[in-house]
Amino acid sequence: MFQFTLLKLPGQQVKRMIMGFLYAWIGLVIFMTGVNGGFTPVGRSLGMELGVMAGGWALLPVGLILGAVVVIAEPAVWVLTEQVESVSGGSIRRGVMLVALSISIALAVGLGMLRVITGVSIWYMLIPGYVLALAMTRWCPPMFTAIAFDSGGVASGPMSTTFVLSLTVGAAIAGGGNPATDAFGMVAMIAMAPLITIQVLGLVYKHMEGRQCKTS
């Protein structure tokens, strides 16, 4: 409808768009097949095994490690860090952003696992975290604020929502908890962590830039 009434793109462009839709559909089918056949059942089984080890406390170190690793496995994270380094003219190094994201997601997943073990309410973690993230926008450079909120959506991508979430659900079941409440909020925790971490980087960058201006 848009093509005939508004866009009126050339025929070659329309063919390219149709091929793009087909590629996206085929990729989505293959991905969902892999998720249902591998990531989800393996994550849930692993979570159920870890949920009964050492009273469930084995989840904490495993969650920290998985959180650090899973963000590096997200394809969109690599694209984002490359674009940020390019747009910032190299002032925001790709490696620094990857390390910062890995640490923040590791802590977020670790806190999520702590919730499964202790049963603490998600609101005690999410509300202060998001309030802090919003408050930091007042002092953080606008570029870093934009990158931070972009990173939140990028970090909570297909790897997090399939494997880590399934692992959390399995752990909640093994611990005798309710997956709908104990596992709920893991993706929100993962999305929140980069908002704070990247803005902290922005404040550090702003401070360093101010010191350089004073010395020069």
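Numbering of residues begins from 1 in every chain and follows the order in which that chain's sequence is written. Totals for whole chains, interfaces and linings use all residues, but because this is a predicted model, local features are given only for residues with pLDDT of at least 70 and pairs of side-chain atoms are given and counted only at 80 or more. Values reported for side chains reflect all heavy atoms of the structure, with hydrogen atoms and water molecules removed beforehand.

**A word on a nonpolar patch on the surface**
Formally: In this scheme, patches are assembled from residues that exceed 30% relative accessible area and form no salt bridge. Like charges are connected within 9 Å, while nonpolar side chains (Val, Leu, Ile, Met, Phe, Trp, Tyr) are connected within 5 Å. To measure how exposed things are, a 1.4 Å probe is used in the Shrake-Rupley method; for residues, cover is taken only from the protein chains shown. We define a salt bridge as a side-chain nitrogen of Lys or Arg found within 4 Å of a carboxyl oxygen belonging to Asp or Glu. A helix here means a DSSP run of H or I that spans at least four residues, while a strand means a run of E at least two residues long, and both kinds are numbered starting from the N terminus. Categorising residues by exposure relies on relative accessible area from a 1.4 Å probe, with only protein chains included: less than 20% of the type maximum marks a residue as buried, more than 50% marks it as exposed, and the intermediate range marks it as partly exposed.
Together, I18, M19, L22, Y23, W25, I26, V29 and I30 give the surface a local cluster of nonpolar side chains, amounting to about 840 Å² of exposed area. On the secondary structure map, Y23 appears in helix 2 (residues 11–50). Judged by relative accessible area, Y23 falls into the exposed class, the value being 57%.

**Regarding the side chain of S166**
Defined as follows: In what follows, a contact means two residues having at least one pair of non-hydrogen atoms within 4.5 Å.
Relative to the assigned elements, S166 resides in helix 8 (residues 158–174). Residue classification places S166 among the buried positions, given a relative accessible area of 6%. Filtering out sequence-adjacent residues up to four positions away, S166 remains in contact with T40, G43 and R44.

**Things to note about the nonpolar core**
Short version of the rule: Residue types Ala, Val, Leu, Ile, Met, Phe, Trp, Tyr and Cys, when buried and joined through side-chain atoms within 4.5 Å, form a set referred to as a nonpolar core.
Ranked by size, the top nonpolar core spans 42 residues in total, and within it L59, M97, I105, V109, M189, I190 and I198 carry the most contacts. Contributions of two or more residues to this core are made by helix 3 (59–72), helix 4 (75–87), helix 5 (94–118), helix 6 (123–136), helix 7 (142–155), helix 8 and helix 10 (186–215).

**Here we look at the layout of surface pockets**
Inclusion rule: Using a grid of 1 Å spacing that covers the protein atoms alone, one calls a set of points a cavity when a 1.4 Å probe fits there but cannot get out, and a pocket when the set is open and has protein on both sides within 12 Å along at least five of seven lines; lining residues are those with an atom within 4 Å of a point. Grid points are joined across faces, edges and corners, and a volume is the space filled by probe spheres set on the points. Residues are grouped as follows: Ala, Val, Leu, Ile, Met, Phe, Trp, Tyr, Cys and Pro are nonpolar; Asp, Glu, Lys and Arg are charged; all remaining types, including Gly, are polar.
Each pocket or cavity is described by its volume, and for the largest pocket that value is around 230 Å³. The wall of the largest pocket is formed by S91, I92, R93, V96, F144, L201, V204, Y205, M208, E209 and Q212. The element best represented in the lining of the largest pocket is helix 10, accounting for six residues. Tallied by class, the residues present in the lining of the largest pocket amount to seven nonpolar, two polar and two charged. Empty space within the second largest pocket amounts to approximately 160 Å³. Looking at the second largest pocket, the residues that line it are I103, S104, L107, A108, L111, M125, M189, M192, A193, I196 and T197.

**A closer look at the environment of P158**
Of note, P158 is situated in helix 8. Along the primary structure P158 and Q212 are separated by 54 residues, whereas in three dimensions their C-alpha atoms are 40 Å apart. What P158 contacts, discounting residues up to four positions off in sequence, is F31 and E74.

**Some details on the confidence of the model for the protein chain**
Heads up, the condition is: By definition, pLDDT measures how confident the predictor is in each residue, and it falls between 0 and 100.
Of all residues in the protein chain, 99% attain a pLDDT of 70 or more, and the chain-wide mean is 84. Ranking the elements of the protein chain by mean pLDDT puts helix 9 (residues 179–182) last, at 77, and helix 6 first, at 90.

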